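Listed below, chain by chain, are the residues.
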Amino acid sequence: MSGFSIVGSGRYLPGRPYTNDDLARVMDTSDEWIRQRTGIEQRHYCPSGQGVSDLAYEASIKAIDSAGLKPTDLDYILFNTMTPDHLFPGSGPLLGARLGLNGVPALDLRAQCAAMLFSFQVADSLLQSGAAKRILIVGAEAHSGFMPWLDWDILEGTNKAAPSAEAWERATRHRGLAIIFGDGAGALIVERSTAPGVGILSMDLHSDGDLVDELLIPVGFRSRPYVSEQCLAEDLIIPRMQGREVFKHAVSKLPQSVRAAVEKAGMTLDDVDWFVGHQANDRINSLVRDRLRLPHEKVPTNIAKYGNTSAATIPILVDEMRRDGRLKAGQTVCYFGLGAGMHWGATVVRT
Ligand code: ACO
């Protein structure tokens, strides 16, 4: 028992929601297809010029307020994103500076949609070792930067023209990917708790780089220069996703990991109050739920409103559940998720 406790939370969704019909203005897709295949109804995109450190700042301020703290009460930042403001440095120091925490250690983690699970383990170790007393864990994503269209005015409906045939074909080529992602940020504040029974009860984490080709942005520092006209012509700046393969891994690995984490905690599935999963596709979480025979009401979902916000998803959902009173002190939560890397896992936490 570690004594890890969530004492504050916040979320930020930028701008207005964009519906599936908005997306159908720039590529060959439909509201019906997206709802049926993913459960997504809308998602948010941040405006050009805004990045994850900006989104994270808004979520962090809310988390700090909700805990009744001031920024200077925090002594460590863990920043999770796969869409950083810059290729380097990480976005943690930028967030720290915006919060007035210059000099406070800020570490970026890169475990994509499984990020929160890995961050929980790192945060728990920092708290146990005494290296930190109160940690801000943030997940933030600005996926809009890799969306496969330039005609934002057509998407937004301010320009009634049709996209060029070339632009339409390009966006349609990437439509499986483009429809699932949205922007947002979620922040949690964790500290060491002395309350009896509270903390991380078990962890079951995995990574497998042999699966990297199933989801990645191909551009990178193996090439000289790392971005070239050829990269742009071949769209290597847009994620390549083998959607069906990722889906198959998710619906087999996640139930295994949830079972393993619950067993390691010395519990049964019935002992767990909530199964809070990453939201990549509602069909994934429905299948995980069915394979484990979990009651519908124990597996919360919010993908319809936000799409897949990668590292931001779990803290956004936790914030919703804390604020609407679903998540109560003393409850046991199993968090689970899988993402590019490939990274996946589950953890059981008593709140
Ligand atoms: N609109 C209309 N038709 C579409 C769309 C779309 N947006 N996308 C794909 N299609 C078509 C395809 O072209 C294909 O047509 P065809 O049969 O004529 O060739 C058909 O629909 C089926 O395509 P699939 O790619 O097999 O569709 P699938 O049902 O697998 O859904 C999806 C695609 C939504 C991407 C799904 O595979 C999925 O959710 N995979 C998991 C994604 C995931 O978890 N990613 C991890 C993110 S986490 C992270 O780390 C970032």
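Residues numbered from 1 in each chain as written. Predicted model: local features only at pLDDT ≥ 70, side-chain atom pairs only at ≥ 80, totals over all residues. Heavy atoms only, no water.

**Quick word on the environment of M147**
Then, in step 1: With respect to the helices and strands, M147 occurs in the loop between strand 6 (134-141) and helix 6 (152-156).
Then, in step 2: M147 has contacts with Y45, W152, A178 and F181, leaving out every residue within four places of it along the chain. (Helix = DSSP H or I, 4+ residues; strand = E, 2+ residues; numbered from the N terminus. Contact = heavy atoms within 4.5 Å.)

**Observations regarding the environment of H296**
Then, in step 1: Locating H296 in the fold gives a position in the loop between helix 11 (282-291) and helix 12 (303-306).
Then, in step 2: For H296 and S286, which are 10 residues apart along the polypeptide, the C-alpha to C-alpha distance reads 8.4 Å.
Then, in step 3: Side-chain polar atoms of H296 contact the side chain of R289, separated by 3.4 Å. (Polar contact = N/O pair within 3.5 Å; in protein donor to acceptor, adjacent residues only side chain to side chain.)

**A short note on the side chain of Q331**
Then, in step 1: Mapped onto the secondary structure, Q331 falls in the loop between helix 13 (313-323) and strand 12 (332-339).
Then, in step 2: In terms of polar contacts, Q331 uses its side chain to reach the backbone amide nitrogen of K328, at 2.9 Å.
Then, in step 3: The contact partners of Q331, leaving out residues within four places of it in the chain, are D273, W274, R326, V349, R350 and T351.

**With respect to the domain arrangement of the chain**
Then, in step 1: Per the domain assignment, the segments of the chain are domain 1 (3-193) and domain 2 (199-350).
Then, in step 2: On the side of domain 2, 50 residues touch domain 1, which itself brings 56 residues to the contact.
Then, in step 3: Counting each side, the surface lost to burial between domain 1 and domain 2 is near 4000 Å², with a carbon and sulfur contribution of 65%.
Then, in step 4: On the domain 1 side of the contact with domain 2, R11, C113 and L117 bury the most area, a combined 17% of that side's loss. (Domains from an automatic or database assignment. Buried area = accessible area lost by both parts, 1.4 Å probe.)

**Remarks on the pattern of salt bridges**
Then, in step 1: Enumeration according to the criterion identifies 18 salt bridges in this entry.
Then, in step 2: Between D290 and R289 there is a salt bridge, with its nearest N and O atoms 3.9 Å apart.
Then, in step 3: Look at D290 and you get partly exposed, because its relative accessible area is 48%.
Then, in step 4: Judged by its relative accessible area of 15%, R289 is buried.
Then, in step 5: Put simply, R323 and D319 hold a salt bridge, and the shortest N to O gap is 2.7 Å. With R323 and D319 both in helix 13 and four residues apart, the pair spans about one turn of that helix. (Salt bridge = Lys/Arg side-chain N within 4 Å of Asp/Glu carboxyl O. Buried < 20%, exposed > 50% of the residue type's maximum accessible area, 1.4 Å probe, protein only.)

**Some remarks on the packing of aromatic side chains**
Then, in step 1: For the coordinates displayed, the defined rule picks out eight aromatic pairs.
Then, in step 2: Note on Y45 and W149: the rings are 6.3 Å apart at their centroids and 70 degrees apart in plane angle, and the pair reads as edge-to-face. Taken as a pair, Y45 in the loop between strand 3 (42-44) and helix 3 (52-66) and W149 in the loop between strand 6 and helix 6 lie far apart in primary sequence, 104 residues in all. Residue Y45 shares its accessibility class with W149, and that shared class is buried.
Then, in step 3: A ring pair is formed by F146 and F181, whose centres lie 5.6 Å apart and whose planes are at 90 degrees; its orientation type is edge-to-face. Of this pair, F146 sits in the loop between strand 6 and helix 6 while F181 sits in the loop between helix 8 (175-178) and strand 7 (184-192); the two residues are 35 residues apart in sequence, bridging distant segments of the chain. Neither residue differs from the other here; F146 and F181 are each classed as buried.
Then, in step 4: Each member of the aromatic cluster is reached from another via a ring pair, and the members are Y18, Y45, W149 and W152.
Then, in step 5: For R16, the ring lying beneath its charged end belongs to Y18, and the centroid distance is 4.2 Å.
Then, in step 6: Looking at R98, its charged tip hangs above the ring of Y57, at a distance of 4.2 Å from the centre. (Phe/Tyr/Trp six-rings, centres within 6.5 Å; stacked < 30°, edge-to-face > 60°. Lys NZ or Arg CZ within 6 Å of the ring centre and 35° of its normal.)

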